[in-house]
Amino acid sequence: MHIKEKTIAILKQFDVGNKLASLPLLPKASVLIPLMVKNGELCTLMTLRSKELRTSAGEVCFPGGKRDPGDRDDVDTALREAEEEIGLPPADVQVVCRLVPIINKSGLLVTPVVGFIDESFCPSPNPAEVSAVFTVPLDFFTSDKHHYATHGAAGMMGLLHSFYFVDPDSGSQYHIWGLTALFAILVAALALRRMPEFDVGFDPEDPLSFFQRILHRKTSKL
């Protein structure tokens, strides 16, 4: 089976669907985690937010943002934001699944939407929102070579994960941390069926129960 089809089959097993419909009504946001097969290996596409933005300026993120009233669901939000930020047409995304949402530091319930895009996609970044677009091999997020972790209130799971990635195409170094790093680790662990070389606190065979406990703990305080 081709690597793309194999990965889709694996990730579909972890689609949360409507399993978390009973969560409290929190303000919602979504990110698109775009996957592609590049030179025979799974990669993901990431963005560097513009320094002019009011929130998370100059940080590495997946394309995404807050839900608009016109969005039908989390997938709509992720696809709309990706088109606005990097010029990715929604029709060019093969949506695979929605993974378990996490409450971010601003109190938004952020749902990661995973989808495949073509390797030939050429981003058209909106300069008001995005200052760079780059791709990272997924296995980068399971290696401890460039991984750092610290304890602190800012960490969603008690551990704040952090990576330093040097883009071979541009030579630029990017700091990937926080919720973005956590989502990247989760997708890498699931898609590659590989335990990261560092402590993450969840089982790649059953991540849902761990993240559900985190959600329950946070929402029970609301």
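Here the structure is a predicted model, which is why all the values come from computation and not from measurement.

Analysis parameters
Residue numbers restart at each chain and count upward from 1, following the sequence in its written direction. Predicted model: local features are reported for residues with pLDDT of at least 70 only, side-chain atom pairs are reported and counted for 80 or more only, and whole-chain, interface and lining totals are derived from all residues. Side-chain numbers come from the whole structure's heavy atoms, not from hydrogens or water. Only DSSP runs of H or I with at least four residues qualify as helices, and only runs of E with at least two residues qualify as strands; both kinds are numbered from the N terminus onward. Note on definitions: a residue-residue contact is assigned when non-hydrogen atoms from the two residues lie within 4.5 Å. Residue-level accessible areas treat just the shown protein chains as cover; the underlying method is Shrake-Rupley with a 1.4 Å probe. Each nonpolar core is a collection of buried residues, namely Ala, Val, Leu, Ile, Met, Phe, Trp, Tyr and Cys, held together in the definition by side-chain atoms within 4.5 Å. Exposure is judged per residue with a 1.4 Å probe applied to protein chains only, and the accessible area is read against the type maximum: over 50% gives exposed, under 20% gives buried, and values in between give partly exposed. Criterion used throughout: strands pair if DSSP finds at least two bridges between them. All axes here are fitted lines through C-alpha atoms, helices being fitted over the stretch that makes contact, and every angle between N-to-C directions spans 0 to 180 degrees. Salt bridge criterion: a side-chain nitrogen from Lys or Arg within 4 Å of a carboxyl oxygen from Asp or Glu. Each residue carries a pLDDT score, the predictor's confidence in it, ranging from 0 to 100. Aromatic rings from Phe, Tyr and Trp, taking only the six-membered ring of Trp, are treated as a pair when their centres fall within 6.5 Å; an angle between ring planes under 30 degrees marks them as stacked, one over 60 as edge-to-face, and anything in between as tilted.

*Asks:* Account for the overall build of the chain, naming residues and giving values.
*Replies:* Regarding its fold elements, the chain presents four helices and 11 strands. Of the contacts formed within the chain by residues at least 6 apart in sequence, a portion of 64% connects residues at least 24 apart. Carbon and sulfur atoms provide 51% of the accessible area of the chain, an area that totals close to 10,800 Å².

*Asks:* How would you summarise the nonpolar core if you had to cite specific residues and measurements?
*Replies:* Phe141 and Ile176 are the most contacted members of the largest nonpolar core, which totals 57 residues. Among the elements that make up this core, the one with the highest residue count is helix H3 (residues 178–192) (12 residues). Residues in contact with Ile176, not counting those within four places in the same chain, are Met46, Val60, Phe134, Val136, Phe141, His161, Ser162, Phe163, Phe165 and Ala181. Within the second largest apolar cluster, 15 residues are counted, among which are Met36, Cys43, Leu45 and Ala82.

*Asks:* I'd like to hear about the sheet that holds strand S11 (residues 173–177), residue by residue, with values.
*Replies:* If you walk across this open sheet you meet the three strands as S9-S10-S11, and the pairing is antiparallel. The open sheet has two free edges, formed respectively by strand S9 (147–151) and S11, since each of these has just one partner strand. Going across the sheet, the axis of each strand differs from the next one's by a mean of 20 degrees, ignoring polarity. As judged from the five bridges shared by strand S10 (residues 159–166) and S11, these two strands associate in the antiparallel manner. Its bridge partner lying in S11, Phe165 is registered against Tyr174. Helix-sheet contacts for H3 involve S10 and S11, and the interaxial angle to S10 is about 80 degrees.

*Asks:* Tell me about the pattern of salt bridges, and name the residues and values.
*Replies:* Summed over the entire model, instances satisfying the criterion amount to seven salt bridges. Across the salt bridge formed by Asp169 and Lys38, the nearest N and O atoms sit 3.9 Å from each other. Note that Asp169 is positioned in the loop between S10 and S11 and Lys38 in strand S1 (residues 28–38), a separation of 131 residues in sequence. A residue is classified by how much of its surface remains accessible, and Lys38, at 23% relative accessible area, is partly exposed. Arg80 is the salt-bridge partner of Glu81, the closest N and O atoms lying 3.3 Å from each other. You'll find Glu81 and Arg80 in the same group, each marked buried.

*Asks:* A description of the confidence of the model for the chain should follow, citing residues and the corresponding values.
*Replies:* Mean pLDDT for the chain: 86, with 87% of residues reaching 70 or above. Confidence, read as mean pLDDT per element, is least for helix H4 (residues 207–219) in the chain (71) and greatest for strand S5 (residues 94–98) (96).

*Asks:* Provide a residue-level description of the packing of aromatic side chains, including the pertinent values.
*Replies:* In total, this model carries eight aromatic pairs according to the counting rule given. Taking 5.4 Å as the distance between ring centres and 90 degrees as the angle between the ring planes, the aromatic pair formed by Phe140 and Phe141 counts as edge-to-face. Of the two residues examined, Phe140 and Phe141, each falls in the buried class. With a centroid separation of 5.9 Å and an interplanar angle of 65 degrees, the aromatic rings of Phe163 and Phe198 are classed as edge-to-face. On the criterion of sequence distance, the pair formed by Phe163 in strand S10 and Phe198 in the loop between H3 and H4 is long-range, its members being 35 residues apart. For the pair formed by Phe163 and Phe198, the shared burial category is buried.

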